[in-house]
Each structure stands twice: as C-alpha cells, then as structure tokens.
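Analysis of the macromolecular model
Chain by chain, the residues:
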Amino acid sequence: MRSQFIDPRYLYKTESPLRTKVNAFSRYLIVDEASRSVFNHVSQLLADKSPILDIGCGVGIPLLPVGPTVFDRQDFIAIDLSLRQLRSIRDSAKNPIPKLLQVDAIQMPFPDNSFGAVLARHMLYHVHNPQIAIAEAARVIRDDGIFIATTNSSHSRPELQDAHREAVSELGGRLLERISQVFDAENGEHKLTSLFYRVRTLSWSGILAFPDISEVLEYYRSSAYYKIAFDSEADRIRLLNLMADILIDRFGDGQISLTVGGAVFICDEPVRRD
Ligand SMILES: C[S@@+](CC[C@H](N)C(=O)[O-])C[C@H]1O[C@@H](n2cnc3c(N)ncnc32)[C@H](O)[C@@H]1O
C-alpha cells in the first residue's frame, strides 16, 4: 500500500464531505459510558479556559462532542485552511457571527502565550508534519493553558476498510495507507511529548450505527480513500456499486454498525525553548 500526503485543500474543496461526516457522527455515534465520561471531562476542563482557539474548525461542529462548537462562546476564535468550510459556518450562523480566520496551522498569526486553550480536533493527521502544528499550538498557549487534540485509531471502521480494500483491488484502483496514520491514537502521544511536559491519553470507542446501507454508502462517499481510489467519477461509481454488493453480502441491507474509536490527548505545560 502506498503512503502519500494528500493536500487538505483538495479534500476540503467543498463542505459537503465534512457535513456528511458530522451528520453521521451526530446521528449515529453510540459510545460506551467510559467514552462519554472522557468527552464530559474534557468539556469541563475547557469550561473556565479563555480565550479558546479552534484549529481546523471545519464546519464549526466537531465530529466528537469534545468541547465547545464555534457557536457556543464569544471568546472563541476558529481557524481553518479551507475558506469553503469557514464560509459554510458564516452562512449558517445566527448573530453574532463567530470569529473566523483562514489560517494555516503551521504558521499562525497570534502572539506567544495568548490562549487559555487550543483545540485541534481530528485535524493533525492532515498536516504534513504535525509536530510543526503542535509546536505552533504550544507557542500560542499560555503557560497555564491546555491543548486538546482528538483523533481516530488507524484500526477504526475495519468493516468498511476490509470491504474497500477488496473492492479497490478487484477494480484495480489506488489503495493508499490511511491518512490518520500521520497522527493517530497509536502514535499521537509520542508526537506530543516533545512539545508538552504533561500528556494524558484517553481512549474513546463506539459504533456508528447506520440505519441502512444507503446511509453507509453516503458516509463512504465522503471519505478521502473513496475520493482518491480513482480519478474519474465513472470509476468511483463502479466502486460504490461494488461496495454496496460487498456490504450487503456481508451485513445484509438493514442496520450496519461500523466500529470506531480513537484518542483524546490532554496536554499541559508547553515546553519553552528560548
Ligand atoms: C476532519 S476535519 C475536522 C473538523 C473539526 N475540527 C471536527 O472535529 O470535526 C479537518 C479540518 O482541518 C482543516 N485543516 C486541514 N489542514 C489544516 C491546516 N494546515 N491548517 C488549518 N486547518 C486545516 C480542514 O480544512 C478541515 O476543515
């Protein structure tokens, strides 16, 4: 399997793939009690931190209910590389409009020591060298501030991955390593420890309980690995049809559950290098 950096500007050219994912997570994610307490614990930690910077805010609502959304607080600055995601937040916002900026995580226009909390939820795996973005986050966090990063396990959604591998191999498409491997639940802590003195790793797990095959396929179509498997739309449709056959064969066309999981990293005491 080939590994290749995929420019997030290509993946996030429109807002619909991320909206599809956020909708799927908000409607169909069921997590165990331990994961729910992880999410609540982190949200409580953030409650009295101010101001908050959300790096890679996407459409403004995080996939996981970890911390505030861009619509919740006035002391919240949200940044993203994709103007399209920021526009979709602005267009769906009621007054007051959240503070939104088009900024790259690897070079942020904020002074040192400015934020009580910095969030990087499900975005560090899109940065070619995530340690540069983590160093930027550590720089702009106050000494008493906190950095929260969330990500997936690279073993997440094995049901979809297995079917995808089979379908792409049969059709002769492009099979790439999982994007999450750049910064996942398995290697994230290691990438954070040179930039924060204290890193706690909390796991989360659950299922995405889709009511039927069409919802799974809609979710699959929003994935990067579907998008990059073939260059032409006609080939991608062939892939989608074959995926439908494989998934129905394996799981039937009723409810289909995908196993998901990952990590939430809580980091304090940013390392200062003069
Ligand atoms: C999977 S989405 C996550 C969105 C949201 N944080 C969440 O938890 O659902 C990743 C987001 O990170 C943004 N992104 C990727 N690389 C970035 C970078 N270098 N700087 C800022 N944003 C970036 C993408 O445009 C996209 O909106």
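Residues numbered from 1 in each chain as written. Predicted model: local features only at pLDDT ≥ 70, side-chain atom pairs only at ≥ 80, totals over all residues. Heavy atoms only, no water.

What to know about the side chain of Asp80
Structurally, Asp80 is set in strand β3 (residues 76-80). Arg9 provides the closest opposite charge to the buried, unpaired Asp80, separated from it by 9.6 Å. Of note is the side chain of Asp80, whose polar atom sits 2.8 Å from the backbone nitrogen of Ser82. When neighbours within four sequence positions are excluded, Asp80 is seen to be in contact with Gly56, Cys57, Gly58, Gln85, Leu86, Leu101, Gln102 and Val103. (Helix = DSSP H or I, 4+ residues; strand = E, 2+ residues; numbered from the N terminus. Buried < 20%, exposed > 50% of the residue type's maximum accessible area, 1.4 Å probe, protein only. Lys, Arg positive; Asp, Glu negative; His and termini not counted. Salt bridge = Lys/Arg side-chain N within 4 Å of Asp/Glu carboxyl O. Polar contact = N/O pair within 3.5 Å; in protein donor to acceptor, adjacent residues only side chain to side chain. Contact = heavy atoms within 4.5 Å.)

Looking at helix α2 (residues 16-28)
For α2, with 13 residues, the first-to-last C-alpha span of 18 Å sits near the 18 Å given by 1.5 Å per residue. What α2 keeps buried is the set Pro17, Leu18, Thr20, Lys21, Val22, Ala24, Phe25 and Tyr28. Elements that come into contact with the buried residues of α2 comprise α1 (8-11), β1 (29-31), α4 (83-92), β7 (196-210) and α8 (213-221). (Expected span 1.5 Å × (residues − 1).)

What about the pattern of salt bridges?
Applying the stated criterion across every chain yields a total of 18 salt bridges. For Arg36, the salt bridge goes to Glu33, with nearest N and O atoms at 3.1 Å. Note that Arg36 and Glu33 are positioned in helix α3 (residues 33-47) at a spacing of three residues, about one turn of the helix. The residue Asp162 makes a salt bridge to Arg165 at a minimum N-O spacing of 3.3 Å. You can see Asp162 and its partner Arg165 sitting in helix α6 (residues 158-171), three residues apart, about one turn around the helix. The network of salt bridges with shared partners includes Arg198, Arg200, Asp268 and Glu269.

Function cannot be inferred from these measures alone, as they are strictly geometric.
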